[in-house]
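Each chain, written out:
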Amino acid sequence: MTPRAADRARYDRATAHLDAPVAIVDLEAFDANADDLVRRAAGKPIRVASKSVRCRALLERVLARPGFAGLMSFTLAESVWLARAGFEDVLLAYPSADRASFAELTSDPKLAGAITVMVDDPAQLDLVDRARERDGLEVRVCLELDTSLHLFGGRVRVGARRSPLRSPAQLAELARSVARRPGFRLVGLMAYEGHVAGVGDAVAGSPLRSRAIRLMQAAARRELAARRAEVVRAVRAVVPDLEFVNGGGTGSVQHTAAEAAVTEIAAGSGLYVPRLFDNYTSFSGRPAALFAQPVVRRPGVGVVTVLGGGYPASGAPGADRLPVPYLPEGLRYDPQEGAGEVQTPLLGAAADDLLIGDKVWFRHAKAGELCERFEELQLVEGDRVTATVPTYRGEGRTFL
């Protein structure tokens with residue numbers, strides 16, 4: 001029996017009492033992935049990206065482990081909810097225009113002490129001030145650095161379009177603006193190198209593309225390390241007691257941790273290891289989060305149909321944004337239908353061994369987005385479900 005076949009047998013036994021669709025997290029794999037992130041971070045604390053987990057119980061589990069400290073949230077409303085639930089260090093990774101949540105933040109000392117908001121434009125500070133309902137509470141502020149790689153004099157850009165702040169002078173100027181402004185305190189700097197951390201460099205069947213990605217990423221790491229160090233020096237000249245400099249992501253943990261200017265690493269997807277993280281030379285993890293759909297039809301030889309399963313992930317549309325049939329091994333989509341909203345035909349010799357009611361296990365493309373489809377996660381240890389925990393959705397929270 002192959003390791004994957006053994007996993008399928010365990011998952012089927014663990015969930016035999018449950019009807020599909022069902023989502024699970026294999027806790028042994030989850031914990032092993034957490035250990036690997038800590039090893040790669042080489043002593044620097046890891047701030048957990050909540051959008052990649054979207055389950056409070058699992059956020060609490062990983063934060064209880066040595067090497068993890070704090071959360072990186074994705075909306076201000078989520079940040080407020082998490083802080084009210086007892087999480088004491090929440091960095092909002094994206095600017096917000098949520099006036100109601102800013103009003104809450106600026107009127108509650110507990111929230112103001114726990115949440116740090118992201119800023120890359122003075123107009124975002126104006127929005128906070130207009131929402132204030134109470135003077136005297138300082139809002140903790142983090143600045144974001146644009147990490148994109150510019151080539152050929154800036155005519156070619158590689159990387160996400162995030163912050164407009166690129167140079168040390170630009171970051172220092174906004175730092176001075178925050179420092180001069182009553183009601184705000186600059187505490188951190190963030191730089192997310194998504195073109196390194198979130199792009200696999202070992203694309204199956206594409207050796208030339210893989211080599212090009214590796215060359216790009218090596219150049220990007222060198223350029224960013226030098227520029228990030230200069231930015232940190234410039235910002236610390238304005239705010240010497242800066243609390244943290246956050247960088248990285250699951251795919252670049254060890255590279256970012258090696259930079260002296262960085263004090264903490266962000267990661268989250270590496271806990272679940274969705275399919276988009278299969279194609280990396282720098283690390284390998286164990287798939288920990290999966291979902292199962294039931295076989296409901298057997299249209300013919302070499303084909304079964306499962307219920308639903310068309311759960312595309314965000315990003316540029318493409319086959320890599322679809323879930324992938326994982327267990328049993330050897331199943332594939334019908335190219336004429338793909339992953340369907342209500343039904344999904346699957347082809348392959350393994351289909352002939354599946355009966356009506358059997359489970360087919362899938363891996364989602366992007367980590368936490370799986371939790372937008374399910375209200376519960378079944379936590380599996382060995383061949384047993386040892387706990388059932390709600391996702392954000394299961395707690396009635398859909399923040400985006």
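Before reading on, note that the structure itself is shown above.
The shown structure was predicted, so the numbers you read here are calculated from the model rather than taken from an experiment.

Trainee: Explain the overall build of the protein to me, please; I cannot follow it from the model alone.
Mentor: When helices and strands are tallied, the protein shows 12 helices and 19 strands. Taking 400 residues into account, the globule formula puts the C-alpha radius of gyration at 21 Å, and the protein, at 22 Å, falls close to it. Its C-alpha atoms give the protein principal-axis dimensions of about 70 × 50 × 35 Å. Contacts in the protein between residues at least 24 apart in sequence constitute 69% of all its contacts with a sequence separation of at least 6. Total accessible area on the protein stands at roughly 17100 Å², and carbon and sulfur atoms take up 52% of it. Between the centroid of the 51 positive side chains of the protein and the centroid of its 49 negative side chains there is a distance of 5 Å.

Trainee: How do you make sense of the pattern of salt bridges when you look at a structure like this?
Mentor: Pairing between side chains becomes possible if they bear opposite charge and their charged atoms approach one another. Evaluated as defined, the whole model comprises 34 salt bridges. The residue Arg 132 makes a salt bridge to Asp 129 at a minimum N-O spacing of 2.7 Å. A residue is classified by how much of its surface remains accessible, and Asp 129, at 29% relative accessible area, is partly exposed. Sharing partners across several salt bridges, the network here consists of Asp 31, Asp 35, Arg 61 and Arg 65.

Trainee: I keep staring at the side chain of Arg 132 and nothing clicks. Help me out?
Mentor: Mapped onto the secondary structure, Arg 132 falls in the loop between helix 7 (122–131) and strand 6 (139–144). Among the polar contacts made by the side chain of Arg 132, one reaches the main-chain carbonyl oxygen of Leu 137 at a distance of 3.1 Å. Excluding anything up to four places from it in sequence, Arg 132 contacts Thr 106, Leu 137, Val 139, Pro 182, Gly 183 and Phe 184.

Trainee: Whenever I open this one, the side chain of Arg 40 confuses me. Can you help?
Mentor: Assignment of secondary structure puts Arg 40 in helix 2 (residues 27–41). Here Thr 250 takes part through its backbone oxygen, which lies 2.8 Å from a polar atom of the side chain of Arg 40. Excluding residues within four positions of it along the chain, Arg 40 makes contact with Thr 250, Gly 251, Val 253, Gln 254, Ala 257, Ser 282 and Phe 283.

Trainee: It is not clear to me how the pairing of strand 18 (residues 376–381) should be interpreted in this structure. Could you clarify?
Mentor: In the case of a regular strand, side chains alternate between the two sheet surfaces. Judged from the three bridges that link them, strand 1 (residues 22–26) and strand 18 form a sheet pairing that is parallel. Residue pairing in the sheet places Ile 24 in a bridge with Gln 378 of strand 18. Count of turn residues in the strand 18/strand 19 (residues 384–390) antiparallel hairpin: two residues, of which Gly 382 carries a positive phi of about 65 degrees.

Trainee: What exactly am I supposed to notice about the sheet that holds strand 4 (residues 90–92) here?
Mentor: Think of a sheet as strands paired side by side through backbone hydrogen bonds, with each pair either parallel or antiparallel. Reading around the barrel, the eight strands line up as 2-3-4-5-6-9-10-11 and close back on themselves, with parallel pairing between neighbours. Strand-to-strand twist of the sheet, defined as the mean angle between neighbouring strand axes without regard to direction, takes the value 30 degrees. Sheet analysis places strand 2 (residues 46–49) next to strand 11 (residues 264–267), joined by three bridges and oriented parallel. In the sheet register, Ile 46 faces strand 11, and the bridge partner there is Ile 265. Here helix 8 (residues 168–180) sits on the sheet and contacts strand 5 (115–119), strand 6 and strand 9 (184–191); the angle it forms with strand 6, its principal contact strand, is near 170 degrees.

Trainee: Even after reading the chapter, I still don't get the pairing of strand 12 (residues 289–300), so can you show me in this structure?
Mentor: For strand 1 and strand 12, the ladder comprises four bridges, and the chain directions are antiparallel. Counterpart to Val 25 in the pairing with strand 12 is Ala 289. Bridge count between strand 12 and strand 17 (residues 359–363): four bridges; the pairing is antiparallel. By the bridge assignment, Phe 291 is partnered in strand 17 with Phe 362. Where strand 12 folds back onto strand 13 (residues 303–307) in an antiparallel hairpin, the turn is made up of two residues, including Gly 302, whose phi is positive at roughly 75 degrees.

Rules behind the numbers
Residues numbered from 1 in each chain as written. Predicted model: local features only at pLDDT ≥ 70, side-chain atom pairs only at ≥ 80, totals over all residues. Heavy atoms only, no water. Helix = DSSP H or I, 4+ residues; strand = E, 2+ residues; numbered from the N terminus. Rg over C-alpha atoms; globule rule 2.2 N^0.38 Å. Contact = heavy atoms within 4.5 Å. Areas by Shrake-Rupley, 256 points an atom, 1.4 Å probe, with all protein chains shown as cover. Lys, Arg positive; Asp, Glu negative; His and termini not counted. Charge placed at Lys NZ, Arg CZ, Asp CG, Glu CD. Salt bridge = Lys/Arg side-chain N within 4 Å of Asp/Glu carboxyl O. Buried < 20%, exposed > 50% of the residue type's maximum accessible area, 1.4 Å probe, protein only. Polar contact = N/O pair within 3.5 Å; in protein donor to acceptor, adjacent residues only side chain to side chain. Pairing = 2+ DSSP bridges. Axes fitted to C-alpha atoms, helices over the stretch in contact; angles between N-to-C directions.

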